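Residues per chain are reported as follows:
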Amino acid sequence: MSLQINLDNLSSVPNLKLFRDFQTKELLNILSSINAPKGLVLDPALANPLTLIVDVRTLKKYAVDQLFLLSSKPFDTSLTHIVYLVRPTMSNMKKIAKHIHHSEKINSSVTETRRSNREEQGNETNQKRQRTNYVFLVPRITTLCRKLLEYSGVLGSVILDEYHLDLIPYDEDVLSLAYSKSFREFLKGDTSSLFYISRALHKLQSFVGQAPRLRYYGTRSKSIVEILRRLRRQDRREESSQQQSENSSSSSVIKPQIAEILLIDRHFDLISPLVHQLSYEGMLDELYGITDTVLELDPKILNKPRTGKKERIPLNSNDLLFAEIRDLNQSQIGPYLSRKAREIMGGYDERKNLKTIREFRNFTGKLGKLQKEHSSLSTHLSIAEAINKYAMEDQLFHRLMNSQLTVLTECEPCYDFLEELIYQEAPIETVLRLLCLHSLALNGIKSKKLDFFRKEIIQTYGFQHIITLNNLEKLGMIKKSEGRSKRSYTNWKKQLNLIDHEFTKNNGIHSVHSGYAPISIKLIQALYENSKKDYNEFIQTYFQDSYGIYTQSSKNLNEDLQESEQQNRNEKDIVLVFFIGGVTYSEISALRILNQSENLNVRFIVGTTDITNGDKIIKACSKKTSEK
Amino acid sequence: MSTYSASWDLLHNIKYYKQEIYRLEETELSQLELSGFLYAGSKNGGPIAFMVDYTKAVKQTSMILSNRIYVFSSSGKLLGEIDTKDCGKVVDIGWDKEDRLICVSLDSIIHIFSMFGDELHSITVSKTSKMTSMVNLCKIWDTGVAILNEAGDILVADLFKKKSPALYKTIPFEKDIYDMDIIPAQFSNSRQPEVLLCSSTGELITCVDFESSVEYAIEPVVKLSLSPSGKILAYFTKNGKLVVTTLKHDQILLQFDTKGSCPTKLVWCGTDSILCYWEKKNLLLMIGPNDTYVQYQYGDTICLVPEIDGIRIISNQTCEFLSRVPDVIESIFEIGSDSPGAMLFEANQCFEQMDSRADKIIRVIKSDLSQAIKDCLIAAISEFDLERQNLLIKAANLGKTYLREFDHGYFAEKIKEIRILNQIRVYLVGIPMTYNEYKKIGIRNLIKKLLNHRNHLLAYEITRYLKLGSDKVLERWACDKIRYSERQADEDENIHDQIMKKIKQTKSKVSYVKIATVARDAGRKKLAIKLIIHDPRSSNQVPLLISMNKIEMALDEAINSRDDDLIYLVLFHLLNELKSLSITEKDLFSKLKNREKAIELLILYWKKNNDEKHLQMLLEGLERHRDIAALNIEKVLESDKIDFKTNTLKRASGKFEQDKNVFYKQMCEQQSKLIMVQHELELKKKRSIDFFGKSVNETISLLLQNRDQKTAYKIKKQFKVSDKRYWWIVISTYAKNRMWENLSLFAESKNSPIGYEPFVRVCLNQLSKKEAARYIPRIKNMKKRVDFYIQLEMFRQASDVAGQLKDDNILKQIQEAKEISKKLKKKQYK
């Protein structure tokens, strides 16, 4: 079963197939350039994303005989060509160095034992047994890694190169860098991901055309626009010199399929990911965790026999039924699926009324689709049942949802519940999410209360959480209350209409959190929707000088744009919304719901560093359990 | 014109002619006494190098020094002088395809010079890095050098690939090797250069890598020469025979007895004839198939430079070119020729003389006119003689006026080629390239060649003339400008302005990093810095700035680019300097001052690399107390030594105090206390319980599990655990460990500050309905009681409570729940 999203629909805009194929081909070229059976060692952080680019069977075809996950434990293999495909991190380099030292040690001992019968064997055979190590860094070689390999004395024994995998199509409308560290990096002041993001966006645009407009909100967004402009400038300088001589097939020739790139800094809306997601896909992520579009479930949930292995369910729009339900509020899933079940049964029942041969033929034609839907239906019915059971029976869940909504709606604290969560020793992530939500929505927590909670948390969950708390404070997610500021949540709530209790009736984006709409998405809606309300002043006070729009001034481009606009007058302009620091499934769902709206003359697609949720954000702030 | 063809020589059925290209009297070249020199000429009309041959004792004029190499253009202009006193004893000289002079010294070192005498680099050719052997024989060709040394090793160096010279076979000592030649990679089967050797025993050995094959010649061979096509081998035997065979030795193509001794030179003239030159007799013998030959007697020593289609012959008087007569020339100029080309040429002669026959002739060849025009054009290109060339062009032009449909583009293209070739052949430039060579190397290599000859202006004009990109030409000009201009202090500004002016004028896109690197290598740092800031890529700027030790500039550029990798590049440079003690920490920090981004990355690196000493130092200097505290706490968490932990906590709490963070300070102190208390407890309990790393809650819970309620309560007091939390800890611990009796006793002990609902819940969490039911009556909220009873399916009790509440709705609810539960049970039984 392929986990890749099918991008063969040529009419879809922007067309991401070429873009993905290019990255696949680059990997295959790397593999075929090493003309020998080889072992591929994958960074665990890359293993899943890679399945969206290439499947194991293709790897086999390219003489990948063994697959390993990179760990600090060296492995033994008889293969002489080892290809490491890893992120350029310090810990990865240390592991690789360890592996190489290990294999060299083995090798020298082999040489030792063979020395006695060297005459017969000749020393060439010994040389052949030596491993050739290739290290491909994704998406690029960094000075840091090169130096680390050098300092560990293995730079000479590896062939160092890079594989430029960056944006991976998760779905027809979602692109991700699968770079889960970006949030953690921001915390530490490491902004290397900004450069990666810019380069990735730059590369994407060489496939789908230079977006004529760049819009940015937040300081990091602004930085990216600056880097992007720099990259464009470099390109233009170098291009024009190339054009004179040989190839004139430059990227600026491609008509832009994306009209605008909107950059959103996660830091500006830290509230939304903290709120428990209640869209179907969001809920699945919260309860079971979705890794790179794949949901791994205990077979028991799917009413299948236990095999010791988890069931892998790809979640993307290839599954037509899933595409219909992923954005719905979890409470709507049950009724929707039972209606769907009746429909499918009705489909099967058609066969009873078949008379002519043509009717039979038509029916058998439909049968395949029907069966596919049927199997998908039974999967989602089982999952929905499990979710429902959880929502009904977990005594804390219901109260947690209520108190969240109370905090967000009334801007009143629910300290008693928070206290009880701690006493019941609920997961630390749940506790801290609610604590941060209090602090962010109420614009701080009273000093005495804050000290109380911090002490309860440290005494209950352990001293290591002094680090977590310190980090959250550094990020401003927890703070002591101050006077009201204009940038406070209440202001957002008032301006952007964040709360709607009648969400089921109104089919609005409030459904993704059962009443609360993400600030990030509400801002986007405000920016693009034809509305009488003027948000300018409000946005100005919030973002000050870190927002704006940059328009590509190139003459040709405008002409191109006009032309393409004339061509597809009926088509909506595409806006790529890029979230720096992660986006939640609920936010993606909310954007999809916005796409249905008639008040918008643009269509959104999503780009992100990674898919996040509240638990992941809290974990990013916690002390990493040291791996040794 | 008849006189022209009269001077042609016939060899078998092929005509040869000598064309004079330059007259060399009065030139610098005419001053040399050629017989006393070792020389080498570069292909494609390239320069010729002369070096005094120390094996001959010929008296030279006083200007000539024996340890110098003199480089001349074919037109006799002295281009450069090379002092070889640092090269040791030079045994052979030659040229590579980019007109660089290759000198092989006796101790197996290859020195590479520009034709103007700048040493570019050198390569040591030896089997092991330590030992070098004396050169026995060597062969230089356009991409490499092969050396047979006195140890018998054959080593092949590739001048265009960055790899160490390859060791081929080792030849046993007893064999005397007379001559060596090369089958270049593009002709060999192995796609590697193969080495051909001839030995005293008549063996012809072909070597590549460790492989070799041996063929036997008819007699011992003293000289070898491979044809320009790479397919045919000519060799000269000890007994004066010249033999030509295929390279596979499966066919002898020619055998000619010269009855002479070993010639000074054995070279090919094109691919159809071989030249033997005996310097002593000044005799040049051209030998063709079927025992045909032509003899040229010279009055003085000549130098031979083989080209792909002929041979350049240089004497003190002239530079000539001996080659086959091209077919078109032959067809036009041969006496009595009636080819269309010849007719057109004749028509033009008549036309010039206003003779009406011109028109008639053209009408006769009308059907072949197009071919005639083409022939005249090609003939014009092949001609070195400008007068004849001019006549040929005129003839073609005349023909064209009669043939409107003639491809104008083709005509223009040929004229352009003629103009370009004429331009490079003029005396001043002195590159007598033939048309065949031009076609073979192409316009781009021609321009490269001009640049190698430092004819920047001509190269530029040609690129403009042909509408080719002139960026590379300008770039090279700028580089050479920097390399070779006067070194004066105030020149930098001037050169920079000149270069920038030209670049702006011509709107060229050049690689500034390349130009700036040249400036740096020429020791013009200031100029390099001025130039590099024009480069649009920070990734180009930063490394160069670092290499010139402009660290602050590099840092700012890196920070500006927002590419962390570039910042790291600078940081690592600084860290290396720190390591090698060329700078101190103080220098480092002062360089980083106010460069936040760089500081952040350095902190990150030191943190990940556990360089605590430096990290503390840096953070201390920045007064980032809170970060130091956090750092210390991380150390605490990673350590398992109590003393270390408490000491480090003390430091952390001190830092928090400096940061005026009272709460965290207290937390650190408390943690310290906890560790001590836990330690004492462990000792007391004789280490039966492991408290290590446990939180306050967990500590209390562990004590309760071990039924030490007294100490548990003591800890509660000590750490000011609230009653509420304490109660929760107690009941969860008891429930989890199914200590029901304790739970029950505890429930009785006091009035619960958390009510009794939690009691029910903790029991339910352990799936103990019986225990849970025990505490339901104590719940104050009656509705809650009902709910729990329903959950436990105790419908009777639920109804009782509901009865007290007198609420019909609740009763109904109970009824419904009861029925659902019945149904479910039935289902299970089925």
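Just so we're clear, the structure is a prediction, and the values are computed from it rather than from any experiment.

Cut-offs and rules
Residues numbered from 1 in each chain as written. Chains lettered and ligands numbered in written order. Predicted model: local features only at pLDDT ≥ 70, side-chain atom pairs only at ≥ 80, totals over all residues. Heavy atoms only, no water. Salt bridge = Lys/Arg side-chain N within 4 Å of Asp/Glu carboxyl O. Helix = DSSP H or I, 4+ residues; strand = E, 2+ residues; numbered from the N terminus. Buried < 20%, exposed > 50% of the residue type's maximum accessible area, 1.4 Å probe, protein only. Pairing = 2+ DSSP bridges. UniProt positions renumbered as here; feature names shortened; annotations may be inferred. Axes fitted to C-alpha atoms, helices over the stretch in contact; angles between N-to-C directions. Polar contact = N/O pair within 3.5 Å; in protein donor to acceptor, adjacent residues only side chain to side chain. Contact = heavy atoms within 4.5 Å. Phe/Tyr/Trp six-rings, centres within 6.5 Å; stacked < 30°, edge-to-face > 60°. Lys NZ or Arg CZ within 6 Å of the ring centre and 35° of its normal. Buried area = accessible area lost by both parts, 1.4 Å probe. Nonpolar A, V, L, I, M, F, W, Y, C, P; charged D, E, K, R; others polar. Core = buried A, V, L, I, M, F, W, Y, C linked by side-chain atoms within 4.5 Å. pLDDT = per-residue confidence, 0-100.

1. Remarks on the pattern of salt bridges
Residues and elements named next belong to chain B.
- A complete count under the given rule lists 78 salt bridges over all chains for this structure.
- A salt bridge links D480 to R476, with the nearest nitrogen and oxygen atoms 3.4 Å apart. Linking D480 with R476, this pair stays in helix α10 (residues 471-484), spanning four residues, or about one helical turn.
- Judged by relative accessible area, which is 5%, D480 ranks as buried.
- With relative accessibility at 25%, the residue R476 sits in the partly exposed group.
- Between E669 and K665 there is a salt bridge whose closest N-O contact spans 3.3 Å. Placement of both E669 and K665 in helix α22 (residues 662-684) is noted, with a separation of four residues, approximately one turn of the helix.

2. A word on the pairing of strand β2 (residues 14-23) of chain B
Residues and elements named next belong to chain B.
- Judged by how many residues are buried, β2 sits mostly within the fold: seven of 10 residues are covered.
- Counting the residues in the hairpin turn of strand β1 (residues 9-11) and β2 gives two residues, including H12, whose phi is positive at 55°.
- Across seven bridges, β2 lies against strand β29 (residues 318-324) in antiparallel orientation. For Y16, the partnering residue across the bridge sits in β29 and is R324.

3. Thoughts on the UniProt feature "domain: Vps16 C-terminal" (unreviewed entry) in chain B
- What UniProt calls "domain: Vps16 C-terminal" (unreviewed entry) maps, in this numbering, to residues 510-821 of chain B.
- As annotated, residues 510-821 of chain B has a helix share of 76% and a strand share of 0%, and its two end C-alpha atoms lie 85 Å apart.

4. Section: the sheet that holds strand β24 (residues 273-278) of chain B
Residue and element names in this part refer to chain B.
- If you walk across this open sheet you meet the four strands as β23-β24-β25-β26, and the pairing is antiparallel. Each having just a single partner strand, β23 (265-269) and β26 (293-297) make up the two edges of the open sheet. Strand-to-strand twist in this sheet, taken as the mean axis angle between neighbours without regard to direction, amounts to 20°.
- Note that strand β25 (residues 283-287) and β26 share five bridges and pair antiparallel. From the neighbouring strand, L285 faces β26, where its bridge partner is Q295.

5. Digging into the side chain of S403 of chain A
Residues and elements named next belong to chain A.
- Within the secondary structure, S403 is located in helix α16 (residues 395-410).
- Judged by relative accessible area, S403 falls into the buried class, the value being 4%.
- A distance of 3.1 Å separates a polar side-chain atom of S403 from the backbone oxygen of L400.
- Not counting the four nearest positions on each side in its chain, S403 is found in contact with C414, F417 and L434.

6. Points about the packing of aromatic side chains
- Applying the stated rule across the entire model yields 44 aromatic pairs over all chains.
- Plain terms: the ring middles of Y4 of chain B and W8 of chain B are 5.6 Å apart, the flat faces sit at 75° to each other, and that makes the pair edge-to-face.
- Residue W8 of chain B is classed as buried on the basis of its relative accessible area of 9%.
- In textbook terms, an aromatic cluster arises when at least three aromatic residues are bridged by ring pairs, as seen for Y217, F268, W492, F538, Y542, F543 and Y547 of chain A.
- One residue, R425 of chain B, lies across the ring of F384 of chain B, its end atom 4.4 Å from the ring centre.
- Directly above the ring of Y484 of chain B sits R454 of chain B, whose terminal nitrogen or CZ lies 3.3 Å from the centroid.

7. Concerning the pairing of strand β22 (residues 252-257) of chain B
Residue and element names in this part refer to chain B.
- The pairing of strand β21 (residues 241-246) with β22 spans five bridges and is classified as antiparallel. Paired with V243 across the bridge in β22 is Q255.
- Between β21 and β22, which follow one another and run antiparallel, lie five residues, and H249 among them has a positive phi close to 65°.

8. Comments concerning the environment of F538 of chain A
All names here are of chain A.
- Within the secondary structure, F538 is located in helix α24 (residues 536-543).
- Taking relative accessible area as the criterion, F538 reaches 8% and is therefore assigned buried.
- Taking the C-alpha atoms as reference points, F538 and P44, 494 residues apart in sequence, are found 44 Å from one another.
- Setting aside residues no more than four positions away along its own chain, F538 makes contact with N491, W492, Q495 and L496.

9. Things to note about the interface of chain B and chain A
- The partner chain A presents 51 residues to the 54 residues of chain B that form the contact.
- When chain B packs against chain A, close to 5000 Å² is buried across both sides, 52% of that on carbon and sulfur atoms.
- Taken together, the links from chain B to chain A amount to nine salt bridges.
- Across the pair K623 of chain A and E634 of chain B runs a salt bridge, and its minimum N-O distance is 3.9 Å.
- There are 24 residue pairs in polar contact (both at pLDDT 80 or more) connecting chain B and chain A.
- Where the side of chain B that touches chain A is concerned, the elements lending two or more residues are α15 (551-561), α16 (564-579), α18 (596-608), α20 (625-638), α21 (642-658), α22, α23 (696-705) and α25 (723-736) of chain B.
- Taken together, the residues of the side of chain B that touches chain A break down into 20 nonpolar, 13 polar and 21 charged.

10. Some thoughts on unusual backbone geometry
- For the peptide bond that leads from V138 of chain A to P139 of chain A, omega is 0°, which places it in the cis range.
- Tracing the chain through its elements places P139 of chain A in the loop between β4 (132-137) and α7 (143-151).
- Positive phi, normally seen in glycine, also occurs at A178 of chain A, with a value near 50°.
- One can find A178 of chain A in the loop between β7 (174-176) and α8 (182-188).
- Classification of A178 of chain A as buried rests on a relative accessible area of 11%.
- One non-glycine residue, N44 of chain B, adopts positive backbone phi at about 60°.
- With respect to the helices, strands and loops of the structure, N44 of chain B is situated in the loop between β3 (37-41) and β4 (48-52).

11. Some words on the nonpolar core
- Ranked by internal contacts, the top residues of the largest apolar core, which has 153 residues, are Y163, I466, Y489, W492, Y516, I524 and F604 of chain A.
- The contact partners of I524 of chain A, leaving out residues within four places of it in the chain, are L262, I264, V577, F579, L591 and F604 of chain A.
- Counting 135 residues, the second largest nonpolar core, distinct from the first, contains V154 of chain A together with A358, W477 and L619 of chain B.

12. Regarding α23 of chain B
- Counting buried residues along α23 of chain B, eight of its 10 residues qualify, which places the element largely inside the surrounding structure.
- Inspection of α23 of chain B places V696, N697, T699, I700, S701, L702, L703 and L704 of chain B among the buried residues, and these make up the whole buried set.
- As for α23 of chain B, its buried residues are in contact with α19 (447-461) of chain A together with α22, α24 (709-718) and α25 of chain B.
- Taken from the residues just after α23 of chain B, R707 of chain B is the one with a positive phi, measuring 60°.

13. Section: helix α19 (residues 612-622) of chain B
All names here are of chain B.
- Among all positions in α19, only H614, L615, Q616, L618 and L619 are buried.
- Contacts from the buried residues of α19 go to α16, α17 (585-592), α18, α20 and α21.
- In the segment just after α19, E623 is the residue with positive phi, at about 55°.

14. A closer look at the sheet that holds strand β27 (residues 303-307) of chain B
Residue and element names in this part refer to chain B.
- Strands sit in the order β1-β2-β29-β28-β27 across an open sheet of five strands; the sheet is antiparallel. A strand with exactly one partner marks an edge of an open sheet, and here the two such strands are β1 and β27. Each adjacent strand pair in this sheet contributes to an overall mean axis angle of 25°, direction not counted.
- Where β1 meets β2, three bridges bridge the pair, whose relative direction is antiparallel. Its bridge partner being in β2, L10 is matched across the sheet by K15.

15. Quick notes on the confidence of the model for chain A
All names here are of chain A.
- Across chain A, the average pLDDT comes to 85, with 89% of residues at 70 or higher.
- Predicted confidence in chain A is weakest over helix α5 (residues 118-121), with a mean pLDDT of 44, and strongest over helix α11 (residues 271-274), with 96.
- Low pLDDT, under 50, characterises residues 116-128; the stretch is placed with six contacts to residues that sit more than four places away or in other chains.
- For the stretch residues 243-252, pLDDT sits under 50, and the model shows 14 contacts to residues farther than four places along the chain or on other chains.

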